[in-house]
Amino acid sequence: MQNVIIVESPSKSKTIASYLGKGFLVLSSKGHICDLATSGKDGLGIDIEHDFKPNYKVMKEKQDLVNYLKTTCKGKKVYLATDPDREGEAIAFHLANALELDLEDFNRIEFHEITKPAVRAALESPHQINLKMVDSQECRRMIDRILGFKLSKLLQRKIGSKSAGRVQSVVLKLIVDLEEEINAFVPTAYFEMEAIFNTFKLKLIELNGKPVDSKNHITERKELEALLPKLMSFTVNNIVNKLIHRNSAPAFTTSTLQQDASSKLGFSPNKTMRIAQSLYEGKTIEDETVGLITYMRTDSTRLSDLFVDGAHTYIRRSYGDKYLGAVKIKNTKNMQDAHEAIRPTAIDRTPLVIKPYVTEDEFKLYQLIYNRAIASLMAPARFNSVRVEFTNTDSLWAITGQSMEFDGYLKVYGKTEADENTLLPNFNLGEGYNANEILILDKMTSPKARYTEASIIKEMESLGIGRPSTYAQTIQTLKEREYISMDKKSLVPTEQGTLTSHKLDQFFNEIINVSYTANMETNLDEIAKGDKDKLYELKNFYEAFVPLFDTAMDQMEAIYPIPTDQICPECGNVLVIRKSKFGEFVSCSNYPNCHYVQKEETTEAEPVDTGILCPTCGTGHMVERIAKTGKNKGSLFYACSNYPSCKTTFSDLPTGELCPNCNSMMLKNKDGEIYCSKHCEKEITNEVLCPVCKKGHMVLRTASKGKNKGNIFYGCSNFPKCKNILSEEEYLKLEK
């Protein structure tokens, strides 16, 4: 009997297929196959009156795939190898139902890294689908559907906002509250004093027995002016030497990886996760296709004993015994410690080894992950710290310095500015020094810094809101809804974002807050463990939510429609400004009896020519245009100047360069990331030659339009000369 393994990603399926013999067929579900229907009361897809019974439907775009899986898996042993988390467990559950598999069967396999030993080990120890984890994910999905659907419709109707969500609205509140705190901040003047010498300078740290530091400012300049004439020789009265051990951080979690990639590499959270996904799913290194890192959605800092043993051997061999350190595990709230930290799958695959086989960005992220994992197992760095204190009249002054005694983990992880040596002159107790100059420095207190993408993710993790898999998407959703914008690297709430947060705080502050959301995450974890009941939590949420929603529907003041001084030309009633998810528009106040909508009068500006030739017709230039209608109304896009004879368009800026894989135009997005306009996901390999033209190679692509939009297929790299395409199943047959 042939065995079938179903994974989520087509890229992953190819990697796994290379490990197994002819007795295995590896297929992909391409993510979720089911979602809650949008039918029933309020379009929730949930029968609330009958114990919150969910109504799942196969997604329209996945129906053909599900039919194929049913046909292919019939009479075969099926293993469900979806991702090792709650969402993956739910996908496995829906696959089992669609394929009519017995939920009592031991057909669920898990691996946290895509390597040959890990996959084979998983096949040797299959288990049943964890229905408690499915319950937890189902509970999360239903709460998010109820809250998201009902709040979004409320906000769209009342204030023209696009959406609300259990986690996104709390994160928005954090950003808005901080912005208002910054705006309300009143700076205060304070003063510091420094004494300048030939080779060093001192800072005033105590005056008249009272400390002078960041918490204890001198706010009266005259205090320091009165001290000036009293100052005489500065006498050394205390020298404190300390040996400081600086420990390395644990290996990366999802949160800390996104933070470090943002601060050190300038990657957005979305970009970080996209690159990490490709490293996890597999790269061809020489003649082997292998996953380079472990699963990248994790809140655990645990490392496997096998990896630790290998890393210790590597550290001992490369740097010596003195560089060996202890294993570090940081316990965090809601940590799912069946997972590991993000680490390389093999110690010997150093960044330099894999560099020729990956892109520049993949190399940078892999190097960050590799070095962090190795450094976490290395000895602390040691510094000799010295603090010298001086007395003068009624004041105390100080200077500090440090020198590195042993670099420890910094040997691999690299030094920062804080690790540099700051050497001091040799001082002896009782010595006196005369200053060349005494300075009074004017200072002003500063407000807190705005959140960056890195710091808001750190805050989300610290407060226990959201999960590792949702951090990046939450921030992206707030951007897409135009609730926040980026000012350099800072997150700034928009006017609409602030209004949305205020309205939610006014009517839903009992459930749209940090404490409630964090407790919800804990309750979901308890459901996954079997310690709490899904139905009980759903009822508790619904009973708290409905009265608040009813009050908001009744009492929240509607901003729209806004009356104008214009009259409807069709029925004579007043025209009003309304707002849809596409923006504001003017229509008749007598709707639905009158359907008049005023057309916008626009003076079209001369399109800006990018100077880049259209890749389709080869004669027109790609020019900037603004969408006039539809969901992208008002958005910038790029179109061929030969329109309407050539209808080529791109949503992001064309670079003029062609993709080395499929010869399509390369685009640059708002974050400065370069990507293929056809979204081909892999470099060309020489494994599958096009069976039609015998010249091109079959490369992975994503359908960008038509009824199959979003689906993955394989197309000839010689397109448009050769238009041969293959399904994943046809491609896998050729590959064999």
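The text that follows walks through the structure, step by step, so that each part is easy to find. Owing to the predicted nature of the structure, the values given are computational and were not obtained by experimental measurement.

Let us look at the overall build of the protein chain. Within the protein chain, the secondary structure is distributed over 19 helices and 32 strands. By principal-axis analysis of the C-alpha atoms, the protein chain measures approximately 90 × 80 × 65 Å. Here the protein chain holds 736 residues, and 48% of them are scored as buried. Restricting to contacts in the protein chain with at least 6 residues of sequence separation, those with at least 24 account for 64%. A total of about 37,000 Å² of accessible surface is found on the protein chain, and carbon and sulfur atoms cover 49% of it.

Tallying each qualifying case throughout the model produces one cavity of 30 Å³ or more. By volume, the largest cavity is sized at about 40 Å³. Around the largest cavity, the lining residues are Ser169, Lys173, Ser501, Leu504, Asp505 and Ile512. The set of elements that each furnish at least two residues to the lining of the largest cavity consists of helix H6 (168-184) and helix H16 (495-508). It is H16 that provides the largest number of residues to the lining of the largest cavity, a total of three residues. Looking at the lining of the largest cavity residue by residue, the class counts come to two nonpolar, two polar and two charged.

Here the focus is the packing of aromatic side chains. Applying the stated criterion across every chain yields a total of 19 aromatic pairs. Ring geometry for Phe390 versus Phe427: centroids 5.4 Å apart, planes at 90°, classification edge-to-face. Of this pair, Phe390 sits in strand S14 (residues 381-392) while Phe427 sits in the loop between helix H13 (410-413) and strand S16 (432-433); the two residues are 37 residues apart in sequence, bridging distant segments of the chain. With respect to class, Phe390 is no different from Phe427; both count as buried. An aromatic cluster is present here, built from Phe197, Phe200, Phe234, Phe390, Trp397, Phe427 and Tyr433 joined pairwise through their rings.

Right, let's talk about the sheet that holds strand S26 (residues 649-650) for a bit. The antiparallel open sheet is built from four strands, whose spatial order is S23-S24-S25-S26. In this open sheet, the two strands that pair with only one neighbour each are strand S23 (609-613) and S26. Across two bridges, the pairing between strand S25 (residues 636-640) and S26 is antiparallel. Paired with Tyr638 across the bridge in S26 is Phe650.

Our focus in this paragraph is the sheet that holds strand S20 (residues 562-567). What holds strands together in a sheet is hydrogen bonding between their backbones, with the strands either parallel or antiparallel. Across the sheet, which stays open at both edges, the three strands sit in the order S20-S21-S22 with antiparallel pairing between neighbours. A strand with exactly one partner marks an edge of an open sheet, and here the two such strands are S20 and strand S22 (583-588). The mean inter-strand angle of the sheet, taken between neighbouring strand axes irrespective of direction, is 35°.

Turning next to the pattern of salt bridges. This structure, assessed with the given rule, holds 40 salt bridges. Between Lys534 and Glu138 there is a salt bridge whose closest N-O contact spans 2.5 Å. Of this pair, Lys534 sits in helix H18 (residues 534-555) while Glu138 sits in helix H5 (residues 131-158), and the two are 396 residues apart along the sequence. Each member of the pair, Lys534 as well as Glu138, carries the same accessibility label: buried. Of the charged contacts in the structure, one is a salt bridge between Arg140 and Glu521, with a shortest N-O distance of 3.0 Å. One end of the pair, Arg140, is in helix H5; the other, Glu521, is in helix H17 (residues 514-529), and 381 residues separate them in sequence. On the basis of relative accessibility, which here comes to 10%, the residue Arg140 falls in the buried class.

Looking now at H18. With 22 residues, H18 extends 32 Å from end C-alpha to end C-alpha; this agrees with the ideal 32 Å at 1.5 Å per step. Those residues of H18 not exposed but buried are Lys534, Glu537, Leu538, Phe541, Tyr542, Phe545, Leu548, Phe549 and Ala552. Considering only its buried residues, H18 is in contact with H5, H16 and H17.

Counting 62 residues, the largest nonpolar core has Ile5, Phe111, Ile293, Leu365 and Ile374 as its most contacted members. Elements with a minimum of two residues in this core: strand S1 (3-7), helix H4 (116-124), helix H8 (254-265), helix H9 (269-281), helix H10 (305-319), helix H12 (360-375), S14 and H13. The element best represented in this core is H12, accounting for nine residues. Setting aside its immediate chain neighbours within four residues, Ile293 contacts Ala276, Leu279, Tyr280, Ile342, Arg343, Pro344, Thr345, Tyr366 and Ile369. Counting residues in each nonpolar core, the second largest holds 52 residues, with Phe52, Leu151, Tyr483 and Leu548 among its members.

The rules we used
- Residues numbered from 1 in each chain as written.
- Predicted model: local features only at pLDDT ≥ 70, side-chain atom pairs only at ≥ 80, totals over all residues.
- Heavy atoms only, no water.
- Helix = DSSP H or I, 4+ residues; strand = E, 2+ residues; numbered from the N terminus.
- Buried < 20%, exposed > 50% of the residue type's maximum accessible area, 1.4 Å probe, protein only.
- Contact = heavy atoms within 4.5 Å.
- Areas by Shrake-Rupley, 256 points an atom, 1.4 Å probe, with all protein chains shown as cover.
- 1 Å grid on protein atoms, 1.4 Å probe; cavity = no way out; pocket = protein on both sides within 12 Å on 5 of 7 lines; lining within 4 Å.
- Points joined across faces, edges and corners; volume = space filled by probe spheres on them.
- Nonpolar A, V, L, I, M, F, W, Y, C, P; charged D, E, K, R; others polar.
- Phe/Tyr/Trp six-rings, centres within 6.5 Å; stacked < 30°, edge-to-face > 60°.
- Pairing = 2+ DSSP bridges.
- Axes fitted to C-alpha atoms, helices over the stretch in contact; angles between N-to-C directions.
- Salt bridge = Lys/Arg side-chain N within 4 Å of Asp/Glu carboxyl O.
- Expected span 1.5 Å × (residues − 1).
- Core = buried A, V, L, I, M, F, W, Y, C linked by side-chain atoms within 4.5 Å.

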